[in-house]
Amino acid sequence: MGARPPRRRAPPAAAAAAAAAAPGPLGALLAAALLAAAGAQQSATVANPASGASSDLLPHFQLEPEDVYIVKNKAVSLACRATPATQIYFKCNGEWVHQGDHVTQHSTDRSTGLPVMEVRIEVTRQQVEKIFGLEEYWCQCVAWSSSGTTKSQKAFVRIAYLRKNFEQEPTAREVSIEQGIVLPCRPPEGIPPAEVEWLRNEELVDPELDANVYVTPEHSLVLRQARLADTANYTCVAKNIVARRRSASAAITVYVNGGWSTWTQWSGCSTSCGRGWQKRSRTCTNPTPLNGGAFCEGQNVQKTACTTLCPVDGAWSEWSKWSECGAECTHWRSRECSEPAPRNGGRDCYGPELDTRNCTSELCTHAAPGAEDVALYVGLVAVAVCLVLLLLVGVLVYCRKKGGLDADVADSSILTAGFQPVSIKPSKADNPSLLTIQPDLSTTTMTYQGSLCPRQDGPAKLQLPNGHLLSPLGAGRHTLHHSSPAAEGADFVARLSTQSYFRSLPRGTNNMAYGTFNFLGGRLMIPNTGISLLIPPDAIPRGKIYEVYLTLHKQEEVRLPLAGCQTLLSPIVSCGPPGVLLTRPAILAMGHCVEASAENWSIRLKKQSCEGTWEDVLQLGAEPCTELYYCQLEAQACYVFTEQLGRFALVGESLSMAASKRLKLVLFAPAACPSLEYNIRVYCLSDTQDVLKEVIQLEKQLGGQLIGAPRVLHFKDSYHNLRLSIHDMPSSLWKSKLLASYQEIPFYHIWSGLQPFLHCTFTLERLSTSTCELACKIWVWQVEGDGQSFTVNFNIAKDTRFSDWLVPDEVGTPALVGPSAFKIPFLIRQKIISSLDPPGTRGADWRTLAQKLNLDSHLSFFASKASPTAMILNLWEARHFPNGNLSQLAAAVAEVGKQDGALFSEAEC
């Protein structure tokens, strides 16, 4: 420290008294010395004025003791230096330090010539610890001169230490990029206080070199904006003169959440003509997710419907009339490419637009008709006469053949005067009027007795009382002879195989029904499939006999091309033979698996031509382009009106990702399990009866049994796969051999509908053969879509509780011919038709009946037919056979407005 300000000079007596205050004999000696020095000083004042100048100064310190720390057991040294000073002593905590503990050194200041004294002492850890807890250990110097005393500043002596544990350590964090980060650090307690520095991956963090980093006064490390480079392990380091401590490392992860790129351009329309779809996509690369950042939310693909204008090729109009013959002996005619004109990229007309000819047979003068012209005219007349003769011969031959055919099938007045005998003779072998394969009518005949009522058991019979709606019906005994529908299946299939169009038909009768039909109509059914063909009365012309078949195709046997977002919604069904003449539409019934809605689906009926190509013959919900086809779509079945038999399928095209199909989820497992392994098969089927029937037949061959009630799942057109997993098995009894957490069926395998028996197998292993109780949960779900769960809890050895869910074997004849195929008696049906077809004065006609039966949305189709009432009754027969409620139909007829409406009673017809 610098020199203190001089104090007022003390008298010698005061100095002696102060010296006497020094400890022990040292104080007495100091007092005597001061008194002697004072006398000498007074006598020498006059003799030596220079020495008098120094005696007027108080001592000031050139070096004062400073605070020090004791490290471990090492003693510390305190020093002070003063001038002018005759004595310097240390006083610690108010007590004088013993003279023997002082180390004194004398010197002279060269600039002033004044004496300089420097004193040092050592302080040990034991000395400090003696007063530890009472107060801090301090020492100061006291310097004497002839003028008085001066005290130095206090120097504190402390024991240095640094504890091991941090009061607060930094913790690991995950932060988004550009987010601020604060890593707190409170160092351990220590003397002197610890200094703090930060390490990043063991390298020193220097805030002066990185403007993004700074350290707060509380020693926290702050990153203003997190960067990818800031992903590291951070360590807080505390150090002082005693030790250096490290905190636990904190892992900082800077993640990047994914961001969508911009949408690509819309793709071209999937169809070159008509309605199709187009899509665009984007990727999660703006930015790409890093370090566990979230993936982009939302869809990466968008689809929308599009319509492409169909190219129209140009076509020529009719030629104009020839112009008058010109001076150059030519005349001309013209035409235009305007019927239609080419548009939307269609081809122009091919050929000349102007036609020029010589108008005088290359002679410019008109010659009179001669003998050559007369011969030409005679020849033309002769040709015309020959053509007329040939036409007459053809008409005669046709009439003869028709007469022979009418001899084969005796007509009757059953539709007007009751049920008269109808006899169908065996066909002649060379009769060309019978279409398709010639039926074998000579094997058996069947005799039908009684009036025309449904030939089935049950209390519901139709009886109509007399009145102006229906006139009384004749009763009597009638006989109908016709060919048996139970002909040999092998013979029928063999005969069909000779026709080129039927080469693809299955060689068996499990998925096939067939029968021989005439104008009375009938019905074909494939058991347990929901597929049937209704041939209404009078659909087959009188005098004709058709051998008709109905076939369910396996999807792997028939190639049905699908484009874009198209998917198969129904079984592929054939009815034939194709090309036969039907005067009224037959009704083909089959199931489907679509959740239909106009905004999500475009549904089309496809028909295969004889050349093998598939064509769209009807778009549901749109105005039909032809009257040959019509379709009534219900929740789980569709009814196709067709006047041309052939091969049909229902195909849908999704218009949005909300479009969904129904999947039937079915669980099967072995009925007997002698080994430790046990397989659970989860089928994901199109929700139609025919596919379920096939799977049940397959499982019967494999020895499987149903282990859970079937469930329905709505599968959306979202490009997401179907996942299946198994959970909650008792680990002490069972274990799964599945290596992954779930199994997956690709989206397109399901959506196309062309792979009917998709399934996943869960292989389980029981730890003992005595374990028979199985309890688990099976989850089936579409990613970001619908899901279903099965709670399996049954005995694998004897539990058969779910066998009732299996489709029972239908008992009955696949082919029903004549009146037995219909619920409504034939003659009563005819009377209803004749009464409701004509327009009613008060609206009591077929329109009201359609409204009562909730069929009023099809009025335009019914009105386009010769007998709208017949169409309504045919559709009712197709929808309600064999368990239809005749009472409801009778009530609907009665409500039409006729007082004598049809009623049902328990009586026979």
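Residues numbered from 1 in each chain as written. Predicted model: local features only at pLDDT ≥ 70, side-chain atom pairs only at ≥ 80, totals over all residues. Heavy atoms only, no water.

A. Spatial organisation of the side chain of S867. Among the structural elements, S867 can be located in the loop between α12 (859-863) and α13 (868-880). On the accessibility criterion, S867 (6% relative accessible area) is buried. The residues touching S867, leaving out its near neighbours within four places in the chain, are R584, I833 and D837. (Helix = DSSP H or I, 4+ residues; strand = E, 2+ residues; numbered from the N terminus. Buried < 20%, exposed > 50% of the residue type's maximum accessible area, 1.4 Å probe, protein only. Contact = heavy atoms within 4.5 Å.)

B. Spotlight on the sheet that holds strand β49 (residues 787-795). Pairing is antiparallel across the open sheet formed by four strands, whose spatial order is β46-β44-β48-β49. With partners counted over all chains shown, the strands left at the sheet margins are β46 (743-745) and β49, one partner each. Across the sheet, the axes of successive neighbouring strands diverge by a mean angle of 20°, strand direction being ignored. (Pairing = 2+ DSSP bridges. Axes fitted to C-alpha atoms, helices over the stretch in contact; angles between N-to-C directions.)

C. Focus on helix α10 (residues 826-836). Of all the 11 residues making up α10, eight are buried; the element is thus mostly covered by neighbouring parts of the structure. Turning to α10, its buried residues are F826, L827, I828, R829, Q830, I832, I833 and L836.

D. Inspection of the pattern of salt bridges at higher detail. Following the criterion strictly, the structure yields 33 salt bridges and no others. With a shortest N-O distance of 3.7 Å, K239 and E197 are connected by a salt bridge. In this pair, K239 is assigned in strand β18 (residues 232-239) and E197 in strand β14 (residues 195-200), connecting sequence segments 42 residues apart. A relative accessible area of 30% means that K239 is categorised as partly exposed. In this structure, the salt-bridge partner of K606 is D616, at a minimum N-O distance of 2.7 Å. Highlighted residues: K606 in strand β35 (residues 601-608) and D616 in strand β36 (residues 614-619), separated in sequence by 10 residues. In this structure K606 comes out as buried when scored by relative accessible area, which is 8%. In the salt-bridge network here, residues are joined through shared partners; they are R200, D210, R227 and D230. (Salt bridge = Lys/Arg side-chain N within 4 Å of Asp/Glu carboxyl O.)

E. Broad picture of the state of the cysteines. In the structure shown here, the tally under the stated rule is eight disulfides. Here C80 connects covalently by a disulfide to C141, the sulfurs 2.0 Å from one another. Judged by the torsion about the S-S bond (-100°), the C80/C141 disulfide is left-handed. Placement of the pair is C80 in strand β3 (residues 76-83) and C141 in strand β8 (residues 137-145), with a sequence separation of 61 residues. When sorted by exposure, C80 lands in the same class as C141, which is buried. The disulfide partner of C337 is C349, and the S-S distance across this bridge is 1.9 Å. One disulfide, between C337 and C349, carries an S-S torsion of 80° and so falls in the right-handed class. Of this pair, C337 sits in the loop between β23 (330-334) and β24 (354-358) while C349 sits in the loop between β23 and β24; the two residues are 12 residues apart in sequence, bridging distant segments of the chain. (Disulfide = S-S within 2.5 Å.)

Structural measurements only, silent on function.
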